[in-house]
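Reading the structure
As a plain string of letters, each chain reads:
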Amino acid sequence: MKTYLCQVDRVDPARSPCLREAASLLRSGGVVAFPTETVYGLGANAANDLAVERIFQAKGRPSDNPLIVHLSDASRISEWVDDAHPYVSRLAERFWPGPLTMVLPLKEGRISNKVTAGLSTLGIRIPEHPVARELISLAGCPIAAPSANRSGRPSPTLAAHVQEDLEGLIDAIVDGGPAGVGLESTVIELDEDRIHVLRPGGVNIEQLKDAIPEAYIISGTENISHTGEAPRAPGMKYTHYAPKGRMTVVLPKDLDKLDKADQAASYGAVVSYIRSELQRASEQGEKTGLLYFDEHTGDYHRCADVAISLGSLSMLETAAARLYDALRTFDQQGVKVIYAEGCAQEGVGLALMNRLQKAAGHQIVRR
Ligand code: TXA
Ligand code: MG
């Protein structure tokens, strides 16, 4: 299959004639990758069984992992889901359009049950990216879209990443430049006065707390309230975001207990450990990779074959935007052993550490 590439003006996407063609492909059952403010998505008409099936085939995705439905505006979500929970309108007001996915009770009948993998809930998100919004509104149908990577690979933050994974397997790629946040949306489920965070992402826990101060917020790892286990997003059980090399995340002991101002200075033992492990791998003839923060640039002179900065510890948004491209670069360069500095799990740091840990297959060292 030939994959058609559509270059779009990010600022004024309606001016790009190929966007109409991409929308008409979507309407007629095609699968089209497009940029969102989190990562690139692989879209299909959510009401069309065959089109949705093609997403699973192109990605090699297990059929028990449900897809998020993307709409161009929030005003009609009650056509697809029960939006009666009082937090829905408050969260929508505050975070939509944007990187928040709400998992809500499904209204039967209008969405292919391949989208929900047979669950009685549906994940809905209103993306903010101007290209995504224009494309969805031109298509005029709800768009089911997972991240546009082959299953298990890092999510794509550039059209070139989509080409790398899916060229020849999908109908079109809409290229609107770099995605934005760089990590996927936050997926939440509501249950009485609880907000379960099924996947940390572009909207962080502090922002959710600020929006609904009276809610108990429960995240998968750390139970912030007194209540039980969070129900998990089926997708979180699969290995994800993984580079081909063996990756280890190293972080200071007790990092999460330190004040922000003291964190950068607590990496001394982390740096020594990473340096000596990289040296050992290199002596064994392995090609090595390093992911580090700018504060420690001078400490790692010539320590790894491929060294990539995630930016400053004080600007973790930059790290989020760079992470997946960095993991793909290690693969392209044939890196076999990777060490990555970890960070504190606050703000966007929670989602960043979640992805780093998964990329490393939970291989974490504290020093
Ligand atoms: O930022 C994003 O969310 C991107 C862009 C394209 O919108 N999409 C994305 O989709 O990351 P995907 O399919 O790669 O990840 C969706 C996650 C999976 O872990 C899936 O299991 C979970 O959301 N999910 C979707 N529907 C769900 C539901 N009804 N109940 C529980 N989890 C659900
Ligand atoms: Mg994904």
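A quick note: this is a predicted structure, and the numbers were derived from the prediction, not measured.

Looking now at the overall build of the chain. Secondary structure summary: the chain contains eleven helices and 16 strands in total. Principal-axis analysis of the C-alpha atoms places the extent of the chain at approximately 55 × 50 × 35 Å. Considering only contacts in the chain between residues 6 or more positions apart, those separated by 24 or more positions represent 69%. Here the chain displays about 15400 Å² of accessible surface, and carbon together with sulfur accounts for 47% of that area. For the chain, the distance from the average site of its 39 positive side-chain charges to the average site of its 46 negative ones is 5 Å.

With that settled, the discussion passes to the site of ligand 1. Every one of the 26 residues lining ligand 1 counts as a neighbour, but Thr38, Asn65, His70, Ser185 and Gly235 are closest to it. Arginine 125 is positioned with one of its side-chain polar atoms (N or O) 3.0 Å from an oxygen atom of ligand 1. Arginine 199 is positioned with one of its side-chain polar atoms (N or O) 2.9 Å from an oxygen atom of ligand 1. Against a free-state accessible area of 680 Å², the protein chains account for coverage of 97% of ligand 1. Listed by contribution, the elements that provide at least two residues to the shell around ligand 1 are β4 (68-70), β6 (121-125) and β10 (194-199). Across the shell around ligand 1, the residue classes break down as 13 nonpolar, nine polar and four charged.

The full count for this structure, using the stated rule, is three aromatic pairs. On the numbers, 5.6 Å between centres and 20 degrees between planes, the contact of tyrosine 241 with tyrosine 324 is stacked. In this pair, tyrosine 241 is assigned in the loop between β11 (216-219) and β12 (246-251) and tyrosine 324 in helix α10 (residues 316-332), connecting sequence segments 83 residues apart. The buried category is assigned to tyrosine 324, whose relative accessible area is 0%. Ring centres of tyrosine 273 and tyrosine 339 lie 6.4 Å apart, and the angle between their planes is 75 degrees; this geometry places the pair in the edge-to-face category.

Here we have eleven strands laid out as an open sheet, ordered β1-β8-β2-β3-β7-β4-β6-β5-β9-β10-β11, and mixed in their pairing. Among the strands making up the open sheet, the edge pair consists of β1 (4-7) and β11. Both strand β3 (residues 41-45) and strand β7 (residues 143-144) contribute to a ladder of two bridges, which runs antiparallel. Within β7, the residue paired with asparagine 45 across the bridge is isoleucine 143. Against the sheet, helix α3 (residues 86-95) touches β5 (100-105), β9 (186-191) and β10, its axis set at about 160 degrees to β5.

Turning to the sheet that holds β12, a few remarks are in order. Pairing is parallel in the open sheet, where five strands are placed in the order β14-β13-β15-β12-β16. The strands lining the two open edges of the sheet, one partner per strand, are β14 (306-309) and β16 (364-366). Between one strand axis and the next, the sheet turns by 20 degrees as a mean value, whatever way the strands run. Relative to strand β15 (residues 337-341), strand β13 (residues 288-292) runs parallel, the two sharing four bridges.

All chains considered together, the criterion is met by one disulfide. Cysteine 6 shares a disulfide with cysteine 18; S-S distance 2.1 Å. Across the S-S bond linking cysteine 6 and cysteine 18, the dihedral sits near 75 degrees, which makes this disulfide right-handed. Within this pair, whereas cysteine 6 is found in strand β1, its partner cysteine 18 is found in helix α1 (residues 17-27), the two being separated by twelve residues in sequence. Relative accessible area serves as the criterion here: at 1%, cysteine 6 is assigned to the buried category. The thiol of cysteine 141 is not disulfide-bonded; the next cysteine sulfur, from cysteine 6, is found 16 Å away.

If you check UniProt for "domain: YrdC-like" (unreviewed entry), the listed places come out as residues 16-203 in our numbering. The span residues 16-203 shows a helical share of 29% and a strand share of 21%, and its end C-alpha atoms are spaced 30 Å apart.

For the rest of this paragraph, the subject is helix α6 (residues 159-166). The complete set of buried residues in α6 reads Ala159, His161, Val162, Asp165 and Leu166. Within α6, the buried residues cover an arc of 155 degrees as seen down the axis, which keeps them to one side. The inward-facing, buried residues of α6 contact β2 (32-34), β3, α2 (49-59), β8 (172-175) and α10.

Bringing the packing of α10 against helix α11 (residues 349-359) into the picture now. The interhelical angle for the contact between α10 and α11, taken along N-to-C directions, is 20 degrees, at an axis separation of 9 Å. The orientation of α10 with respect to α11, classified from their angle, is roughly parallel. Relative to α11, α10 is oriented so that their crossing is left-handed. Facing Leu316, Ala319, Ala320, Leu323, Tyr324 and Leu327 of α10, the residues of α11 in contact are Gly349, Leu352, Arg355, Leu356 and Ala359. Each residue belonging to the contact of α10 with α11 can be placed in one class, and the counts come to nine nonpolar, one polar and one charged.

A side chain with one charge can pair with a side chain of the opposite charge if their charged atoms come near. Enumeration according to the criterion identifies 20 salt bridges in this entry. Between lysine 114 and glutamate 53 there is a salt bridge whose closest N-O contact spans 3.8 Å. One end of the pair, lysine 114, is in helix α4 (residues 113-116); the other, glutamate 53, is in helix α2, and 61 residues separate them in sequence. You can call lysine 114 partly exposed: its relative accessible area is 31%.

Rules behind the numbers
- Residues numbered from 1 in each chain as written.
- Chains lettered and ligands numbered in written order.
- Predicted model: local features only at pLDDT ≥ 70, side-chain atom pairs only at ≥ 80, totals over all residues.
- Heavy atoms only, no water.
- Helix = DSSP H or I, 4+ residues; strand = E, 2+ residues; numbered from the N terminus.
- Contact = heavy atoms within 4.5 Å.
- Areas by Shrake-Rupley, 256 points an atom, 1.4 Å probe, with all protein chains shown as cover.
- Lys, Arg positive; Asp, Glu negative; His and termini not counted.
- Charge placed at Lys NZ, Arg CZ, Asp CG, Glu CD.
- Near = heavy atom within 4 Å.
- Polar contact = N/O pair within 3.5 Å; in protein donor to acceptor, adjacent residues only side chain to side chain.
- Nonpolar A, V, L, I, M, F, W, Y, C, P; charged D, E, K, R; others polar.
- Phe/Tyr/Trp six-rings, centres within 6.5 Å; stacked < 30°, edge-to-face > 60°.
- Buried < 20%, exposed > 50% of the residue type's maximum accessible area, 1.4 Å probe, protein only.
- Pairing = 2+ DSSP bridges.
- Axes fitted to C-alpha atoms, helices over the stretch in contact; angles between N-to-C directions.
- Disulfide = S-S within 2.5 Å.
- UniProt positions renumbered as here; feature names shortened; annotations may be inferred.
- Arc of directions from axis to C-beta.
- Parallel < 35°, antiparallel > 145°, perpendicular 65-115°, else oblique.
- Left-handed = near helix turned anticlockwise from the far one by under 90°.
- Salt bridge = Lys/Arg side-chain N within 4 Å of Asp/Glu carboxyl O.

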